[in-house]
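# Observations on the three-dimensional arrangement
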Amino acid sequence: MASKKHEQVEEKPESVGLGTTGRGHHASEESEPSRTVKPSSRRPLVLVAVILVSIIMVGSILLPSLSAIVSGMQASSSSSSTDAAQTSETAATTNSYMDQLDSRYQSTADSLEAKLESNPNDAAALINLANTYLTWGDMAKNYASTDEENAHVTDLLQKAEGYYDTYLENNDAAAAHVNRALCRYYLGDSAGAISALEKFVAATPDYAPAWANLGMIYRETGDTNKAEDAYNKALEVDPNDENGMKSYVTSQLQSITSSADAATTGDASADAE
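A brief report on the enclosed structure follows. (Residues numbered from 1 in each chain as written. Predicted model: local features only at pLDDT ≥ 70, side-chain atom pairs only at ≥ 80, totals over all residues. Heavy atoms only, no water.)

## Side note on the environment of T135
Its location among the elements puts T135 in helix α5 (residues 123-141). Since its relative accessible area comes to 35%, T135 is described here as partly exposed. For the pair T135 and L156, spaced 21 residues apart in the sequence, the C-alpha separation amounts to 9.1 Å. A polar side-chain atom of T135 sits 2.9 Å from the main-chain carbonyl oxygen of N131. (Helix = DSSP H or I, 4+ residues; strand = E, 2+ residues; numbered from the N terminus. Buried < 20%, exposed > 50% of the residue type's maximum accessible area, 1.4 Å probe, protein only. Polar contact = N/O pair within 3.5 Å; in protein donor to acceptor, adjacent residues only side chain to side chain.)

## So, the pattern of salt bridges
For the structure on display, the rule yields six salt bridges. Note that R184 is salt-bridged to E161, the shortest N-O span being 2.6 Å. Taken together, the residues span a long stretch of sequence, with R184 in helix α7 (residues 174-186) and E161 in helix α6 (residues 147-170) at a distance of 23 residues. As a salt-bridge pair, E236 and K233 come within 3.4 Å of each other at their nearest N and O atoms. Note that E236 and K233 are positioned in helix α10 (residues 224-237) at a spacing of three residues, about one turn of the helix. By relative accessible area, which is 54% here, E236 ends up exposed. (Salt bridge = Lys/Arg side-chain N within 4 Å of Asp/Glu carboxyl O.)

## Quick word on the side chain of E161
Note on E161: relative accessible area 9%, which makes it buried. Those residues within four positions of E161 in sequence are excluded, and the remaining contacts are R180, C183, R184 and L187. (Contact = heavy atoms within 4.5 Å.)

Below, the structure is given as structure tokens:
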């Protein structure tokens, strides 16, 4: 649009006729050499010509600036429209993921809850239901962006915690203890999760997943030394990697070492300066 306006303005000198007016006066003077033109009668025409030339010159000077302003306004409008579209698309995508999660896990939860209605002591249904709500809540937490969605996540994790409690009333399973502690952690109670896991590993020191998760929460809360000790303990109690923790724990220990080396290098550089 800006370039089209530019072309239209440039056509004005030809249609306004500055050159035509000049040629007209000149031709008139050549065709009537004996005619005397009084200075006072020519002065208004010269003045008009000067004004027209000034207007055209000013217009041509301002034209690039006006074109840039128009282009800038168009670019700004286009950018705003693009940002709005991207925001809308992101929100729609997030809602789509949440909807998919809810659709996937709700049917499983409904089926397991139906089994519990028939048999409240069905241990398999209880632990599977608890695990379903924990996984559902953990995944939904990654996509929650509104108060309503966060409340939904809290509800899912609290349901998981409740089912773990019910299961543990009659069943002493290590995984259930650890997962219940993770419910506390995902609900924002890191201190409660650490307390539960510390109590558990004190009584059951040979369960690697408990040490691995304890190390993870220690590190997330800033206690790197305890995290490193817990990760090493996980490797120690499960040398054959029967619980599948070795890869995760090893990568975490390497990350801790890399962070420590980087910090040391940074301190050394600061001292040298």
